[in-house]
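Observations on the model geometry
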Amino acid sequence: MSKVKTVDPQEIKNFADMANDWWNLSGKCAPLHALNKCRIPWIHNQLVDSGVIQPHANPSAPLAGLSTLDVGCGGGILSEGPSRLGCNVTGLDAGEDVIEIAKLHAENLPNLRYVNTTIQDHAAANKEKYDVVVSSEVIEHVTEKEDFVKHCVECVKPGGSILMTTPNKTWLSWFHMIFVFESFFRILPKGTHRYDIFIHVDKLKEIFKKENCETIHTSGIFYFPVNGRWYLINNENPGYLIHVIKRPQMF
Ligand SMILES: C[S@@+](CC[C@H](N)C(=O)[O-])C[C@H]1O[C@@H](n2cnc3c(N)ncnc32)[C@H](O)[C@@H]1O
């Protein structure tokens, strides 16, 4: 694996340390499991609204025929969902231990494969390969965000979709993701999140714009620790979901 700047070894270690807990529904990754109830329908609805898939084409496999790259897939909590809906999913993560957990858990899922690599190395060999690129709760752990986004964009076909979820960079996101999650409820180990590398929604939109992508939708997400559920909200605080489309090249 190349030693690229977007990969912070401490960030990868934080998640490797959770490897054995990844599929424990009430363990440290419980919020990621709970997030599936929000993010998978949101991704599906976004792909319907933007015309990537037809609303009622195939009820048992509504994402059939789509190829999706899940960047920073971890143990595969998100990747398995779309693959069960018929999507061909490639999950990529810079962490070797989490990829091993993902592979073990997905043993019988035929249209799901995992690779232990970086987005930079993957993009070099897979330019414009995917209909959809998703990256959920990852960019807040990446130091060189422009480079990370650039390579995510490279992997998607012109006209394709990129969907990300991440905390915003506001006092409320600090309060929610760091104070509430890590200090008060101790849902996550201290140090899992670093406010200094969070990214504000406007900054992420600006980076996508530079990469020739148009933002077509943003929503807010909020986790309520008392019942362990996430809610989609209108305000992009404390977390947000963003859907952009890669504009086709005109010449
Ligand atoms: C909070 S977990 C999210 C996992 C998964 N996306 C989900 O939502 O279930 C963050 C993941 O990002 C990975 N990661 C962090 N920095 C990365 C980078 N620069 N490139 C690829 N993966 C990275 C970590 O190894 C970890 O598995």
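Quick note: structure is the one above.
Everything in this summary refers to the structure shown in the same document. (Residues numbered from 1 in each chain as written. Predicted model: local features only at pLDDT ≥ 70, side-chain atom pairs only at ≥ 80, totals over all residues. Heavy atoms only, no water.)

The next point concerns the nonpolar core. If you look at soluble globular proteins, the nonpolar side chains tend to sit buried side by side. Trp 22, Leu 47 and Trp 230 are the most contacted members of the largest nonpolar core, which totals 42 residues. For this core, the secondary-structure elements that each account for two or more residues are α2 (30–49), α4 (96–105), β3 (112–116), β4 (130–136), α7 (171–184) and β6 (213–224). Residue contributions to this core peak at eight residues, all from α2. Among all residues touching Leu 47, those that are not within four sequence positions of it are Val 52, Ile 53, Leu 63, Leu 66, Val 132, Ser 161 and Leu 163. Val 149, Ile 207, Ile 242 and Val 244 belong to the second largest nonpolar core, which has 27 residues in total. (Core = buried A, V, L, I, M, F, W, Y, C linked by side-chain atoms within 4.5 Å. Buried < 20%, exposed > 50% of the residue type's maximum accessible area, 1.4 Å probe, protein only. Helix = DSSP H or I, 4+ residues; strand = E, 2+ residues; numbered from the N terminus. Contact = heavy atoms within 4.5 Å.)

In the vicinity of the ligand, 19 residues are found, and the nearest of them are Thr 6, Arg 39, Gly 72, Asp 93 and Ser 136. Between a nitrogen atom of the ligand and a main-chain N or O atom of Gly 72, the distance comes to 2.7 Å. Note that a nitrogen atom of the ligand is positioned 2.8 Å from one of the backbone N or O atoms of Ser 136. Coverage of the ligand by the protein amounts to 98% of the 600 Å² it exposes when considered alone. Secondary structure elements with two or more residues in the shell around the ligand: α1 (9–16) and α2. Residues of the shell around the ligand, tallied by class, amount to eleven nonpolar, five polar and three charged. (Near = heavy atom within 4 Å. Polar contact = N/O pair within 3.5 Å; in protein donor to acceptor, adjacent residues only side chain to side chain. Areas by Shrake-Rupley, 256 points an atom, 1.4 Å probe, with all protein chains shown as cover. Nonpolar A, V, L, I, M, F, W, Y, C, P; charged D, E, K, R; others polar.)

Within the secondary structure, Gln 10 sits in helix α1. Taking relative accessible area as the criterion, Gln 10 reaches 45% and is therefore assigned partly exposed. In this structure, the C-alpha to C-alpha distance between Gln 10 and Cys 87, residues 77 residues apart in sequence, is 32 Å.

With that settled, consider the pairing of strand β5 (residues 156–167). Here β5 lies mainly inside the structure; nine of its twelve residues are buried. Across seven bridges, β5 lies against strand β8 (residues 239–246) in antiparallel orientation. Each residue of the ladder has a partner; that of Ser 161, found in β8, is Ile 245. (Pairing = 2+ DSSP bridges.)

In this structure the tally under the stated criterion is zero disulfides. Lacking any disulfide linkage, Cys 87 is separated from the closest cysteine sulfur, that of Cys 73, by 14 Å. For Cys 87, a relative accessible area of 1% translates into the label buried. Unpaired in this structure, Cys 152 has its nearest cysteine sulfur neighbour in Cys 155, at a distance of 6.9 Å. (Disulfide = S-S within 2.5 Å.)

On to the packing of aromatic side chains, then. Per the stated rule, a full pass over the model turns up ten aromatic pairs. Arranged with centres 6.1 Å apart and planes meeting at 35 degrees, the rings of Phe 179 and Phe 184 form a pair that is tilted. Residue class for Phe 184 comes out exposed when judged on its relative accessible area of 55%. Grouped by ring-pair contacts, the aromatic residues Trp 174, Phe 175, Phe 179, Phe 184 and Phe 185 constitute a single cluster. Over the face of the ring belonging to Tyr 195 we find Lys 169, whose NZ or CZ atom lies 5.4 Å from the ring centre. (Phe/Tyr/Trp six-rings, centres within 6.5 Å; stacked < 30°, edge-to-face > 60°. Lys NZ or Arg CZ within 6 Å of the ring centre and 35° of its normal.)

Geometry only, nothing functional implied.
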